[in-house]
Each structure stands twice: as structure tokens, then as C-alpha cells.
Amino acid sequence: MHQADVEHLVRDTLAAHSSLYLATAGDAGPWVNGVYFAEEGLYSVVLVLEKRGRTLAAIRSQPRVAVIVSTGSPGDPFLQAAAEAEVLADAAAERARAALVAKVPQAA
């Protein structure tokens, strides 16, 4: 598969989904959570988490995460990756929240 084909598949798969599974491994141990997301670029997504939730606490402790974007059917295209999470603040956090609500209004 050529680079352009991979990029097209990534863009199409991200656009076709509004949620992903986020796996973390913080001080309380491994954890998987379903979250809404918006794509910020080909290999970057933003999401909003509860301020006091276990997922955010895990990311603050250990920012290395894993994600999967999938329908749940093994025959459908899916994306899976390891990533470095970053906790945003101030204007960057507001931009992320606005991008998420634009893609997934029910996340407001």
C-alpha cells in the first residue's frame, strides 16, 4: 500500500467515527475508556475527559497511551496506535473543546 493510500484510509476512518477506545496505564493500573474525539490532523486527535476521572489521572501519571478507532467488527477498517498524550490548558484546551463539539455536538 502506498503512503497516499494509507493517508486516505486514515482520514476516511477518522471521519467515519466519532469515538475511540483509549487505553491508559496509570498508578491505579490499566484502564480502557470510550471517548469522543475530533481529528486535528492526520495523526493527531483531541478529546475531552472528566477533570477528576481515572483516565485523566492515568494520563497525568503516564502519558503513553494506546487507541483504537473501530466499529468493533474485525472485517471493517480500523486504526490502532500507541501515542503520547498531552494535557492541554487555556486557549489550546478551548480550541480542542470547540473542535470536539463541532464534530460531536452531543459531547457538549
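Look up a bit, the structure's there.
To start, this report covers the structure provided alongside it. (Residues numbered from 1 in each chain as written. Predicted model: local features only at pLDDT ≥ 70, side-chain atom pairs only at ≥ 80, totals over all residues. Heavy atoms only, no water.)

### Structural notes on the pattern of salt bridges
Here's step 1: Going through the model one piece at a time under the given rule, you end up with two salt bridges.
Here's step 2: Between K103 and E39 there is a salt bridge, and its shortest N-O distance comes to 2.6 Å. With K103 in helix α3 (residues 90–103) and E39 in strand β3 (residues 38–41), the pair connects residues that are 64 residues apart, well separated along the chain.
Here's step 3: When its relative accessible area of 26% is taken as the criterion, K103 is described as partly exposed. (Salt bridge = Lys/Arg side-chain N within 4 Å of Asp/Glu carboxyl O. Helix = DSSP H or I, 4+ residues; strand = E, 2+ residues; numbered from the N terminus. Buried < 20%, exposed > 50% of the residue type's maximum accessible area, 1.4 Å probe, protein only.)

### Let's talk about the sheet that holds strand β6 (residues 79–84)
Pairing between the strands of a sheet is mediated by backbone hydrogen bonds and can be parallel or antiparallel.
Here's step 1: Judged by pairing direction, the sheet is antiparallel, and its four strands sit side by side in the order β2-β1-β5-β6 without closing on themselves. Edge positions in the sheet fall to β2 (29–36) and β6, since each of these pairs with one other strand and no more. The sheet shows a mean angle of 20 degrees between the axes of neighbouring strands, direction not considered.
Here's step 2: Pairing geometry for strand β1 (residues 19–26) and strand β5 (residues 64–69), over three bridges, is antiparallel. Looking across to β5, one finds that A23 is bridged to A66. (Pairing = 2+ DSSP bridges. Axes fitted to C-alpha atoms, helices over the stretch in contact; angles between N-to-C directions.)

### What about helix α1 (residues 3–16)?
Here's step 1: Compared with the 20 Å implied by 1.5 Å per residue over 14 residues, the 20 Å span of α1 between its first and last C-alpha is a close match.
Here's step 2: Of all the residues in α1, the buried ones are V10, T13 and L14. Seen end-on, α1 carries its buried residues on one side only, within an arc spanning 100 degrees. What points out from α1, more than 90 degrees from its buried face, is the exposed set A4, A15 and A16.
Here's step 3: Where α1 is buried, its residues touch β3, β4 (44–46), β5, β6 and α3. (Expected span 1.5 Å × (residues − 1). Arc of directions from axis to C-beta. Contact = heavy atoms within 4.5 Å.)

### Structural notes on the nonpolar core
A general trend in soluble globular proteins is that nonpolar side chains are found buried together.
Here's step 1: Counting residues in each nonpolar core, the largest one holds twelve residues, listed as V10, L14, L20, L22, V35, F37, L42, I59, V65, V67, V69 and L79.
Here's step 2: The set of elements that each furnish at least two residues to this core consists of α1, β1 and β5.
Here's step 3: A total of three residues in this core trace back to one element, the largest contributor, which is β5.
Here's step 4: In this structure, V67 is in contact with L20, Y21, L22, L79, Q80 and A81, ignoring residues within four places of it in sequence. (Core = buried A, V, L, I, M, F, W, Y, C linked by side-chain atoms within 4.5 Å.)

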